[in-house]
Amino acid sequence: MTDEALHDLFDNAVAASKNAYIPYSHFPVGAALLLEDGNIITGANIENRSFGLTNCAERSAVFTAASQGYRTFKAIAIATPKSDYPVGPCGACRQVLSEFAPAETPVVFGPAWENSVKATLGTLYPYDSLHELASEL
């Protein structure tokens, strides 16, 4: 995947972060998934005063894509425009992402493109034993 394509995906994540519902943390997060067909689906974090019911941007994007019938993704970008440093996906999001994307899937995250980390899902979630279980079913 080219840097230009990742940069475009990241710009979509930044735009999605503007839709975050964050009355408690005031910490917007946007995510953008590149689908196999070239379309992009975005998500934003949605908070709730019962904090356990809050949904991260990454899972918002994945659940939106999955509910529309998409089951595989080519890349994901996560934007945290108010952070001072690149903030990667939480453990729950890494688990959900690994359900729909292989270890070599590109992941870019950060507050801005110039201060982003480029990795793969496998480097963020290196011991994904559940993929091994799924291949045995």
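Structural notes, computed from the coordinates. (Residues numbered from 1 in each chain as written. Predicted model: local features only at pLDDT ≥ 70, side-chain atom pairs only at ≥ 80, totals over all residues. Heavy atoms only, no water.)

### Considering the pairing of strand β2 (residues 40-44)
Moving on, step 1. In this structure, strand β1 (residues 30-35) lies alongside β2, joined through five bridges in antiparallel fashion. Its bridge partner lying in β2, glycine 30 is registered against alanine 44.
Moving on, step 2. In sequence, β1 turns back onto β2 through a hairpin of four residues, with glycine 38 there showing a positive phi of about 95 degrees. (Pairing = 2+ DSSP bridges. Helix = DSSP H or I, 4+ residues; strand = E, 2+ residues; numbered from the N terminus.)

### Some details on the packing of helix α2 (residues 57-67) against helix α3 (residues 91-100)
Moving on, step 1. Axis separation between α2 and α3 bottoms out at 9 Å; the angle between their running directions is 25 degrees. Looking at the two axes, α2 sits roughly parallel to α3. The way α2 lies across α3 gives a crossing that is left-handed. Contact with α2, carried on its side by Glu58, Arg59, Val62, Phe63 and Ala66, involves Ala92, Cys93, Val96, Leu97 and Phe100 of α3 and no other residues of that element. (Axes fitted to C-alpha atoms, helices over the stretch in contact; angles between N-to-C directions. Parallel < 35°, antiparallel > 145°, perpendicular 65-115°, else oblique. Left-handed = near helix turned anticlockwise from the far one by under 90°. Contact = heavy atoms within 4.5 Å.)

### Some thoughts on the pairing of strand β4 (residues 106-110)
Moving on, step 1. A large share of β4 lies buried, amounting to five of its five residues.
Moving on, step 2. Of the two faces of β4, both are covered, the one formed by Pro106, Val108 and Gly110 as well as the one formed by Val107 and Phe109.
Moving on, step 3. Handedness of the crossover joining strand β3 (residues 73-79) and β4 through α3 is recorded here as right-handed.
Moving on, step 4. Turn length for the β4-strand β5 (residues 117-120) hairpin, with the two strands adjacent in sequence and antiparallel, is six residues. (Buried < 20%, exposed > 50% of the residue type's maximum accessible area, 1.4 Å probe, protein only. Right-handed = clockwise from strand over helix to strand, strands pointing away.)

### Here's the deal with the sheet that holds β2
Moving on, step 1. In spatial order, the strands read β2-β1-β3-β4-β5; together these five strands make up an open sheet with mixed pairing. Every other strand in the sheet has two partners, leaving β2 and β5 as the edge strands with one partner each. Each strand of the sheet is rotated relative to its neighbour by a mean of 20 degrees, with strand direction disregarded.
Moving on, step 2. Of the pairings in the sheet, the one linking β4 to β5 comprises four bridges and is antiparallel in character. Residue pairing in the sheet places valine 108 in a bridge with lysine 118 of β5.

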